[in-house]
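Breakdown of the fold
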Amino acid sequence: MKAWRRVAAVARKDLLLEWRGRDAVLPAGSFGFAVLLVLGLVSGGGGEAAPSALWVSVLLAAVLAAGRGADREGEEGTREVLLLYPGSREDLFWGRWLALCVVLLVLAAGLWCAQVLLFDAPTRGAGVLILAALLATAGLGAAGTLLAALVAHVRAGPLLMPLLFLPATVPVLLAGVRLSETAASGAPAGPWWGVLVVFDLLFLLVGPVLFELVVEG
Amino acid sequence: MRPLDPVVTDALGRRFGAVVALRGVGLRVGEGTCLLLLGPNGSGKTTLLRVLATALRPTEGRAWVCGYDVVSEGHRVRELCAFLGTSPGVYAGLTGFENLCLAADLCGRPRRQVAELLGWAGLEQVAHRLVRTYSLGMRRRLALARVRLQEPRVLLLDEPFVGLDEEGTRLVGELVTGIKKQKGAVVLATHDRHRARAVCDAVAELESGTLLSSGTAGLAGAVSRG
């Protein structure tokens, strides 16, 4: 059984359901925009607050988006069916991860546009920002996929998800903010690329293994 | 030594905290046999099926499907066994065709079987409609087609007749007969004894998680008592 076929099937399924229902992108995007708006009001809309506001809004939107895929499986009673198919459960992790990464990239792009408009933020250093967003998305996607599977069987899952996700992803927040600031100012990035890479490696290596254990129950 | 029969359990037990759902269940389902699982609500029928399907781990005893241990060799069990629970487990936001394509991709089966199976289930006219527009019976037929696509040696069915009309019931019978002919085994839990009687060869009765009786002799009696 080809793993790539299984991974592509799960990712395609998640993206099709999202495209037709828009039940992750719309609520998570709206929430992220609201956070951006509030932070803009609090900080007076100054350009120096823009990177922090952007990454906080991306992270909070990611919490909602990550939990949505697992919730959908629970509501439709399809989680067990998916887990009982033959083949490695790691393929399910990678399929979910891929779909979540696409959703997170769409959210990040939308929130970045909103941030530029609301904060009148500079758009220079876009290459650095895009690379940082890609690295952050890979790690956030892996963390989100793993933690959503972990809380899926818990009654207080929707409450537990941010409690686990936000502390675990603080390194992404810090690295994202610092890299955005240095991209705008042209200053050296320091160790922050390394922080993002280590975070990604950790969750991308450990995530599929733990996912298998978590869904095994 | 690996048991030869397709389904074997030995002193199988499952607890949910203080609640004992299964206790000391010893079963043997031979090749070409369909076992009818009977028992009142809460007797442990679904728990037994879910343990055999690897959806739940037993807390006591052991179980084997086609000779593979359901705990230590769960991945092998899942290659040979299909489970259809009370919920059809189909995606309402996908079409019938897309649901079966997903199943084909996940099971490593060719997608060309999908159209044929939709025809078998009588869903070819609605194949490209979203499943959320299907009735319960149509969803269950789609789930039957998905199970057939998996080509299992052991089939576990939990209340398979719910929501099905006569044609749907015939599909269940066809599915079960096909597996029996291939020297596989079926375990079917239901309260609908009369519809089940047509396809079952043996019966096991559970009560409060304990196996009261099992075998071929009591089938007619057990069915008539219902």
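Let me begin by describing the structure that accompanies this report. This is a predicted model, so every value here is computed, not measured. (Residues numbered from 1 in each chain as written. Chains lettered and ligands numbered in written order. Predicted model: local features only at pLDDT ≥ 70, side-chain atom pairs only at ≥ 80, totals over all residues. Heavy atoms only, no water.)

Residue and element names in this part refer to chain B. Read from one edge of the open sheet, 6 strands run S6-S7-S8-S3-S9-S10, paired in mixed fashion. In the strand order of this sheet, the two ends are held by strand S6 (81–84) and strand S10 (210–215), each with one partner. The average undirected angle you get between the axes of adjacent strands in this sheet is 15°. As paired elements, strand S3 (residues 33–38) and strand S8 (residues 185–189) share 5 bridges and run parallel to each other. In the strand pairing of S8, Leu-37 is matched with Ala-189. Docked against the sheet, helix H5 (residues 136–149) engages S6 and strand S7 (154–158), running at close to 175° with respect to S6. (Pairing = 2+ DSSP bridges. Helix = DSSP H or I, 4+ residues; strand = E, 2+ residues; numbered from the N terminus. Axes fitted to C-alpha atoms, helices over the stretch in contact; angles between N-to-C directions. Contact = heavy atoms within 4.5 Å.)

With that settled, the discussion passes to helix H2 (residues 25–43) of chain A. Residue and element names in this part refer to chain A. For H2, built from 19 residues, the straight-helix expectation of 27 Å at 1.5 Å per residue is met to within 8% by its first-to-last C-alpha distance of 26 Å. For H2, the set of buried residues is Ala-28, Gly-29, Gly-32, Val-35, Leu-36 and Gly-40. Viewed along the axis of H2, the buried residues span an arc of 135°, placing them on a single side of the element. Residues of H2 that are exposed and point over 90 degrees away from its buried face: Leu-26, Leu-41 and Val-42. Residues of H2 that are buried make contact with helix H3 (50–76) and helix H5 (90–119). Backbone geometry just after H2 places Gly-44 at a positive phi near 80°. (Expected span 1.5 Å × (residues − 1). Buried < 20%, exposed > 50% of the residue type's maximum accessible area, 1.4 Å probe, protein only. Arc of directions from axis to C-beta.)

With that settled, the discussion passes to a nonpolar patch on the surface. Together, A:Val197, A:Leu201, A:Leu202, A:Leu205, A:Val206, A:Val209, A:Leu210 and A:Leu213 give the surface a local cluster of nonpolar side chains, amounting to about 710 Å² of exposed area. Following the sequence through the fold, A:Leu205 ends up in helix H9 (residues 192–216). (Patch = residues over 30% accessible without salt bridge, like charges linked within 9 Å, V, L, I, M, F, W, Y side chains within 5 Å. Areas by Shrake-Rupley, 256 points an atom, 1.4 Å probe, with all protein chains shown as cover. Salt bridge = Lys/Arg side-chain N within 4 Å of Asp/Glu carboxyl O.)

Further remarks concern the interface of chain B and chain A. Taken together, the contact pairs 30 residues of chain B with 24 residues of chain A. Here chain B packs against chain A, burying approximately 2,400 Å² in sum over the two surfaces, 55% of which is carbon and sulfur. Three residues stand out in chain B for area buried against chain A, namely B:Arg78, B:Tyr91 and B:Leu106, and they jointly supply 32% of the buried area on that side. Summed over the shared surface of chain B and chain A, the number is 4 salt bridges. The closest approach of N and O atoms between A:Arg5 and B:Asp105, which form a salt bridge, is 2.9 Å. Across the contact surface, chain B and chain A share 8 residue pairs in polar contact (both at pLDDT 80 or more). Among the elements of the structure, helix H2 (74–80) and helix H3 (96–107) of chain B are those that each provide at least two residues to the side of chain B that touches chain A. With 7 residues, H3(B) is the largest single contributor of residues to the side of chain B that touches chain A. (Buried area = accessible area lost by both parts, 1.4 Å probe. Polar contact = N/O pair within 3.5 Å; in protein donor to acceptor, adjacent residues only side chain to side chain.)

Right, let's talk about the packing of H5(A) against H9(A) for a bit. Residues and elements named next belong to chain A. Close contact between H5 and H9 brings their axes to 8 Å; oriented N to C, the two are set at 125°. Taken together, the axes of H5 and H9 are oblique relative to one another. Judged by the sense of rotation from one axis to the other, the crossing of H5 with H9 is right-handed. The residues of H9 that touch H5, namely those facing Glu-90, Leu-92, Phe-93, Trp-94, Arg-96 and Trp-97, are Leu-204, Gly-207, Pro-208, Val-209, Phe-211 and Glu-212. Classifying every residue of the contact of H5 with H9 by side-chain character gives 8 nonpolar, 1 polar and 3 charged. (Parallel < 35°, antiparallel > 145°, perpendicular 65-115°, else oblique. Left-handed = near helix turned anticlockwise from the far one by under 90°. Nonpolar A, V, L, I, M, F, W, Y, C, P; charged D, E, K, R; others polar.)

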